[in-house]
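# Structure at a glance
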Amino acid sequence: MNAKKVINDEDLKIAFSIRKDVFVKEQGVPLEDEFDQFDTLDGICEHILVHYNEKPVGTGRIRFVDGVGKLERICLLESFRKFGLGKIIIKALEKIAVERGATKVKLHGQTHAEGFYKKLGYHTSSDIFMEDGIPHILMQKELSAN
């Protein structure tokens with residue numbers, strides 16, 4: 001179980017495939033809403049892949065908005081959700097945030113995952129709102145350099 005930064009088009013396509021499986025096929029997010037102008041390797045976002053037994057099974061990205069790291073598109077293939085890989089994705093994205101000098105991260109978490117994020121030190125800072133027909137909440141966390 002490890003996470004690595006996406007640095008080539010081949011790995012980016014794998015990340016997109018995982019996102020398509022989870023968000024589009026499983027959760028019904030329209031394909032045109034899932035992918036955006038930040039899905040590139042030009043440094044606007046940093047993307048990661050997490051592997052389980054050498055197989056890529058999860059992904060996420062971080063984008064910086066006004067000095068705050070915004071964790072986005074975090075997902076795992078359904079059959080790999082009980083192995084602690086979500087935590088690996090979050091920690092890898094937080095590490096990138098610290099490396100880039102951010103002291104705070106935020107995310108729009110699906111409400112069913114609120115408890116998961118709370119266990120990782122995030123606090124809820126909004127009422128429920130809808131994104132792509134799915135209830136979400138804004139969650140934030142202060143980072144330390146350690």
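Above this note sits the structure.
Residues numbered from 1 in each chain as written. Predicted model: local features only at pLDDT ≥ 70, side-chain atom pairs only at ≥ 80, totals over all residues. Heavy atoms only, no water.

Let us now look at the nonpolar core. Grouped together as the largest cluster of nonpolar side chains are 37 residues, with contacts concentrated most on Val57, Leu71, Leu93, Tyr117 and Tyr122. Elements with a minimum of two residues in this core: helix H1 (9-26), strand E2 (45-52), strand E3 (55-65), strand E4 (68-76), helix H3 (85-99), strand E5 (104-110) and strand E8 (134-142). Leaving out residues up to four positions away in the same chain, valine 57 has contacts with Ile18, Val50, His51, Tyr52, Cys75, Leu76, Leu77, Phe80 and Leu85. (Core = buried A, V, L, I, M, F, W, Y, C linked by side-chain atoms within 4.5 Å. Buried < 20%, exposed > 50% of the residue type's maximum accessible area, 1.4 Å probe, protein only. Helix = DSSP H or I, 4+ residues; strand = E, 2+ residues; numbered from the N terminus. Contact = heavy atoms within 4.5 Å.)

Tallying each qualifying case throughout the model produces 6 aromatic pairs. With a centroid separation of 6.2 Å and 50° between ring planes, the pair formed by phenylalanine 80 and phenylalanine 83 is classed as tilted. Judged by its relative accessible area of 35%, phenylalanine 83 is partly exposed. With 5.0 Å between their ring centres and 65° between their planes, phenylalanine 116 and tyrosine 117 make a pair best called edge-to-face. In this structure phenylalanine 116 comes out as partly exposed when scored by relative accessible area, which is 31%. Taken together, the ring pairs in this structure connect Tyr52, Phe80 and Phe83 into an aromatic cluster. Arginine 63 extends its terminal NZ or CZ atom over the ring of phenylalanine 38, reaching a point 4.1 Å from the ring centre. (Phe/Tyr/Trp six-rings, centres within 6.5 Å; stacked < 30°, edge-to-face > 60°. Lys NZ or Arg CZ within 6 Å of the ring centre and 35° of its normal.)

Let us now look at the side chain of glutamate 34. In this structure, glutamate 34 sits in helix H2 (residues 31-34). What makes glutamate 34 buried here is its relative accessible area of 4%.

Evaluated as defined, the whole model comprises 18 salt bridges. For the salt bridge of glutamate 94 with lysine 141, the shortest nitrogen-to-oxygen distance reads 3.1 Å. Of this pair, glutamate 94 sits in helix H3 while lysine 141 sits in strand E8, and the two are 47 residues apart along the sequence. We note that glutamate 94, like lysine 141, is buried. Measuring nitrogen to oxygen at the nearest pair gives 3.7 Å for the salt bridge that ties lysine 118 to glutamate 114. Pair noted here: lysine 118 and glutamate 114 are both in helix H4 (residues 114-119), with a separation of 4 residues, about one helical turn. The class for lysine 118 is partly exposed, based on a relative accessible area of 46%. One continuous salt-bridge network, built from bridges that share partners, spans Arg19, Glu34, Asp36, Asp39, Arg61, Arg63, Lys70, Glu72 and Arg73. (Salt bridge = Lys/Arg side-chain N within 4 Å of Asp/Glu carboxyl O.)

Pairing between E2 and E3: 8 bridges, direction antiparallel. Considered in E3, the bridge of leucine 49 is made with threonine 59. Connecting the antiparallel pair E2 and E3 is a turn made up of 2 residues, with asparagine 53 showing a positive phi of about 50°. The pairing of E3 with E4 spans 7 bridges and is antiparallel. What sits directly across from phenylalanine 64, in E4, is glycine 69. (Pairing = 2+ DSSP bridges.)

Geometric values such as these leave the question of function open.
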